[in-house]
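So the chains spell out like this:
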Amino acid sequence: MAQEAPDGDTLRLSRPLKALLTGALLAITALFLAGTVHGSDRWWPFGPWRMYATSTAPSGPVGSTLIQVKEAGDDQWRPASLNPDTVGLNRAEVEGRMPQIQADPSMLGTLLESHARLLPDAPQWQAIRVVRSDVLLENGVRTGEVRESTLAVWPSSARTPEDDNPRTLEEAAP
Amino acid sequence: MSRLWSWLFAPVPLARVALFRRCVYAFVIVDILLLHTSGYRHGWADPVWYQPLYLGEVFRIPAADVPQVEILKWGTVAASLLALTGRLPRVAGALVAVGWVWYQYVAFAYGKVDHDRGDFIVALLVLPLIGMAATGDRRRSELAGFAFRAVQLACIATYFLSAWAKVRFGGWDWVNSATITRAVIRRGTFLGDWLLHIPWSLHATQWVIFSLEMLSPLIFFVSEYWRRRMIAGWFAFHAATYAVITIAFWPHLIMLLAFLPLEQYRDSAVARWRSWRGEEPRLRTSTSP
């Protein structure tokens, strides 16, 4: 592109335009500051920049949420991977909605439908349950005990008595 | 006031705008196709999982479906390609800004927000303001200066305000907690595992990170010599983070480039290439037969 202007030429802005831009910058700055001081994730993109901002205690149970499914023609619960490619959502997004899922387990039914749409050639899922697995830690060391409890089952006909109580999978070594 | 204005509008060569734009719009394509794809799959999730953020309430954004995510994905890539050609910079840039922000919104409106992607929006918003800019354009522009200053401020705000968030959510005790240890246990590399055997190293790292973030605004008060070295230091910090826990705040790494005289780097790279090829240094001419 041919340049008419010689080197060192400067394109200036008028004072009103500068005032307008300065005002816009101050407004955005105020939103980012307010988001950091008062905001939550719902304020995105102005929410607080809280990557790795929480503190972690060295002792206590470490819980994680698992999905188990029954595939067509198989009556055993099998672990299933929970990620955007298999159900359209990732694990944290399902974990964050546990109160609503427990109030209305039919939400889990939508995961079966999404799985069928995303992976039509894979074995179809007939039933699904959400299980919390607690690994017990003592001063940062595993005690060897893992407890599983069922949080929700869909459809409700797939619920069995084992879903009513926590199951201890592994005892601590003597 | 006038000193503040001359700082905020310090002229910057248009060549730098052209080069920074190439980095930003090329990154948008890589980001949408490879790095951050969770929003795409939300097109297949049932609307019952949609949790609108305030942004979605203001603009009445409906739950994602397959046509919405396909249009956002490929439309934003097409707009980025147009922006990379340098033509219609205002229209193309505005389309990329809307498309990228909307696509991130779809990713974040299902219950999980990634916290490293707010500052990049500032770059997408200010770049279209500038208009035409070519890599050989030696003119300086106050508007370009403002755009770069805004990007720099957003970039440093990310560090400073994330230190603030650590105090707000983790407490002042954050520096003595096991947060980095937990991160390394969950997704550490062999280097991270090696550091786990030296527990004081991860504890000290938290003090170093927190101090660097709190002191990051100093970059605006030091000489150009030290400013460039501080940016190199932040790049080294992010490389080390990636080596230990395989996490990189990709859009933010592009933002850091706004502190550097990109057109000077390009000129010296071109000169070095020419002398390596054994060519005589010559003036850029636009010859047409």
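Residues numbered from 1 in each chain as written. Chains lettered and ligands numbered in written order. Predicted model: local features only at pLDDT ≥ 70, side-chain atom pairs only at ≥ 80, totals over all residues. Heavy atoms only, no water.

## Digging into the overall build of chain A
Part 1 of the argument: The helix and strand tally for chain A stands at five helices and six strands.
Part 2 of the argument: Tracing chain A from N to C terminus, the helices and strands come up as β-α-β-β-α-α-α-α-β-β-β.
Part 3 of the argument: Counting all 174 residues of chain A, 38% fall into the buried class.
Part 4 of the argument: When the accessible surface of chain A is split by element, carbon and sulfur atoms take 55% of a total near 9,800 Å². (Helix = DSSP H or I, 4+ residues; strand = E, 2+ residues; numbered from the N terminus. Buried < 20%, exposed > 50% of the residue type's maximum accessible area, 1.4 Å probe, protein only. Areas by Shrake-Rupley, 256 points an atom, 1.4 Å probe, with all protein chains shown as cover.)

## Some words on the interface of chain A and chain B
The accessible area lost on association of the parts is a frequent measure of interface size.
Part 1 of the argument: Chain A puts 55 residues into the contact, and the matching count from chain B is 71 residues.
Part 2 of the argument: Between chain A and chain B the total buried area reaches about 5,900 Å² when both faces are included, carbon and sulfur atoms providing 66% of it.
Part 3 of the argument: One can count four salt bridges joining chain A with chain B.
Part 4 of the argument: For Arg12 of chain A, the salt bridge is made with Glu142 of chain B, and the minimal N-O distance between the two is 2.9 Å.
Part 5 of the argument: Connecting chain A to chain B are 21 residue pairs in polar contact (both at pLDDT 80 or more).
Part 6 of the argument: Of all elements in the fold, only β1 (10–11), α1 (15–37), α2 (84–87), α3 (91–95), α4 (98–103) and α5 (106–118) of chain A reach the threshold of two or more residues within the side of chain A that touches chain B.
Part 7 of the argument: Of the residues forming the side of chain A that touches chain B, the biggest block, 11 residues, is contributed by α1 of chain A. (Contact = heavy atoms within 4.5 Å. Buried area = accessible area lost by both parts, 1.4 Å probe. Salt bridge = Lys/Arg side-chain N within 4 Å of Asp/Glu carboxyl O. Polar contact = N/O pair within 3.5 Å; in protein donor to acceptor, adjacent residues only side chain to side chain.)

## With respect to the packing of helix α2 (residues 14–35) of chain B against helix α8 (residues 142–170) of chain B
Residue and element names in this part refer to chain B.
Part 1 of the argument: Following both chains from N to C, one finds α2 and α8 inclined at 45 degrees, their axes separated by 10 Å at the closest point. Classified by the angle their axes make, α2 and α8 are oblique. Handedness of the α2/α8 crossing: left-handed. Contacts between α2 and α8 involve Leu14, Arg16, Val17 and Phe20 from the former and Ala144, Phe148 and Val151 from the latter. (Axes fitted to C-alpha atoms, helices over the stretch in contact; angles between N-to-C directions. Parallel < 35°, antiparallel > 145°, perpendicular 65-115°, else oblique. Left-handed = near helix turned anticlockwise from the far one by under 90°.)

## Considering the domain arrangement of chain A
Part 1 of the argument: Domain parsing of chain A yields domain 1 (14–50) and domain 2 (60–170).
Part 2 of the argument: Centre-to-centre separation of domain 1 of chain A and domain 2 of chain A, based on C-alpha positions: 40 Å. (Domains from an automatic or database assignment.)

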